Amino acid sequence: MAEAAEVRNDSQFEFITFSAGGQSFCLEITQIREIRRWTPVTALPHTPKDVLGVMNLRGAVIPIFDLAARFGLGATPANERNVVIVAAVGGTTIGLLVESVSEILSVEKSAIQETPDIKSDATKHSILGMISVDESMVRVVNLDAVLDAGKGAS
């Protein structure tokens, strides 16, 4: 019985779904440290347009990215519903400005489909896979790609 439970846990993933640029995305729940209400950040000079600035998170200074702008979907319009998803990737903590957080999504590994080949390396690198939810698709964000894009832009 315990083995059956372990097998089920290894094949299931939990994601937090959210909206950025009017599109649905998700991150694996283990990558997310917290979700915060949007507050103004400290801008830094000469940063790319998708880097909004930095935020003091309990003594740690973390960069805040506008995820929609990062993915070429336009800047996130100011809205009181906007939130910052604080996430960890490779020992680095970052904040992602998104329009709203939707739900926790539990899916089997087999439900995550490969990102289709659309002849764009940036898309293939930014999106780890696609999950069909009702009649829409949710994209699984590759946090490494969010950071990699920033390194190239600075």
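For the structure, see preceding data.
Residues numbered from 1 in each chain as written. Predicted model: local features only at pLDDT ≥ 70, side-chain atom pairs only at ≥ 80, totals over all residues. Heavy atoms only, no water.

Draft legend 1. Up close: the sheet that holds strand E1 (residues 12–20). Strand order in the open sheet formed by six strands is E8-E1-E2-E11-E10-E9, with mixed pairing between adjacent strands. This sheet does not close on itself; its edge strands, each paired only once, are strand E8 (100–108) and strand E9 (112–113). In terms of strand pairing, strand E2 (residues 23–28) meets strand E11 (residues 136–141) through two bridges, oriented parallel. Its bridge partner lying in E11, Cys26 is registered against Val140. (Pairing = 2+ DSSP bridges. Helix = DSSP H or I, 4+ residues; strand = E, 2+ residues; numbered from the N terminus.)

Draft legend 2. Highlighting the pattern of salt bridges. Inspection of every chain in the model, using the stated rule, returns three salt bridges. The residue Arg58 makes a salt bridge to Glu34 at a minimum N-O spacing of 2.3 Å. Taken together, the residues span a long stretch of sequence, with Arg58 in the loop between strand E4 (51–57) and strand E5 (60–66) and Glu34 in strand E3 (residues 32–37) at a distance of 24 residues. According to the relative accessible area criterion, Arg58 is exposed, its value standing at 65%. The salt bridge involving Asp50 is made with Arg70; its shortest N-O contact spans 2.6 Å. In this pair, Asp50 sits in the loop between E3 and E4 while Arg70 sits in helix H2 (residues 67–70), placing the two residues 20 residues apart along the sequence. Like Arg70, Asp50 is buried. (Salt bridge = Lys/Arg side-chain N within 4 Å of Asp/Glu carboxyl O. Buried < 20%, exposed > 50% of the residue type's maximum accessible area, 1.4 Å probe, protein only.)

Draft legend 3. Representation of the sheet that holds E4 in the model. The five strands are arranged E3-E6-E7-E5-E4 in an open sheet whose pairing can be described as mixed. Two strands lie at the open edges of the sheet, namely E3 and E4, each paired on one side alone. Recorded for the sheet is a direction-independent mean angle of 30 degrees between the axes of neighbouring strands. Strand direction decides the pairing type here: strand E6 (residues 83–89) and strand E7 (residues 92–98), joined by seven bridges, are antiparallel. Among the inter-strand pairings, Ile85 is bridged to a residue of E7, identified as Leu96. (Axes fitted to C-alpha atoms, helices over the stretch in contact; angles between N-to-C directions.)

Draft legend 4. Structural detail: the packing of aromatic side chains. With the rule as written, the count across this model stands at three aromatic pairs. Here the aromatic rings of Phe13 and Phe15 are separated by 6.3 Å at their centres, their planes lie at 35 degrees, and the arrangement is tilted. Since its relative accessible area comes to 22%, Phe13 is described here as partly exposed. Where Phe18 meets Phe25, the ring centres are 6.3 Å apart and the plane angle is 25 degrees; that geometry is what we call stacked. (Phe/Tyr/Trp six-rings, centres within 6.5 Å; stacked < 30°, edge-to-face > 60°.)

Draft legend 5. Quick peek at the pairing of E6. E6 sits mainly inside the fold: seven of its seven residues count as buried. Burial along E6 is two-sided: Val83, Ile85, Ala87 and Val89 facing one way and Val84, Val86 and Ala88 facing the other are all buried. Where E6 hands over to E7, the hairpin turn is made up of two residues, of which Gly90 adopts a positive phi near 55 degrees.

Draft legend 6. Summary view of the nonpolar core. If you look at the biggest cluster of nonpolar residues, it comprises 23 residues, and the most contacted ones within it are Phe18, Leu27, Leu67, Leu96, Leu143 and Val146. Mapped by element, the contributors of at least two residues to this core are E1, E2, H2, E6, E7, strand E10 (127–133) and helix H4 (143–153). Among the elements that make up this core, the one with the highest residue count is E6 (four residues). Discounting residues that sit within four places of it in the chain, Phe18 has contacts with Gln23, Ser24, Phe25, Cys26, Leu27, Leu67, Ile85, Val98, Ser100, Val101, Ser102 and Val141. If you look at the next biggest cluster of nonpolar residues, it comprises eight residues, including Val107, Ile131, Val138 and Val140. (Core = buried A, V, L, I, M, F, W, Y, C linked by side-chain atoms within 4.5 Å. Contact = heavy atoms within 4.5 Å.)

Structural measurements only, silent on function.
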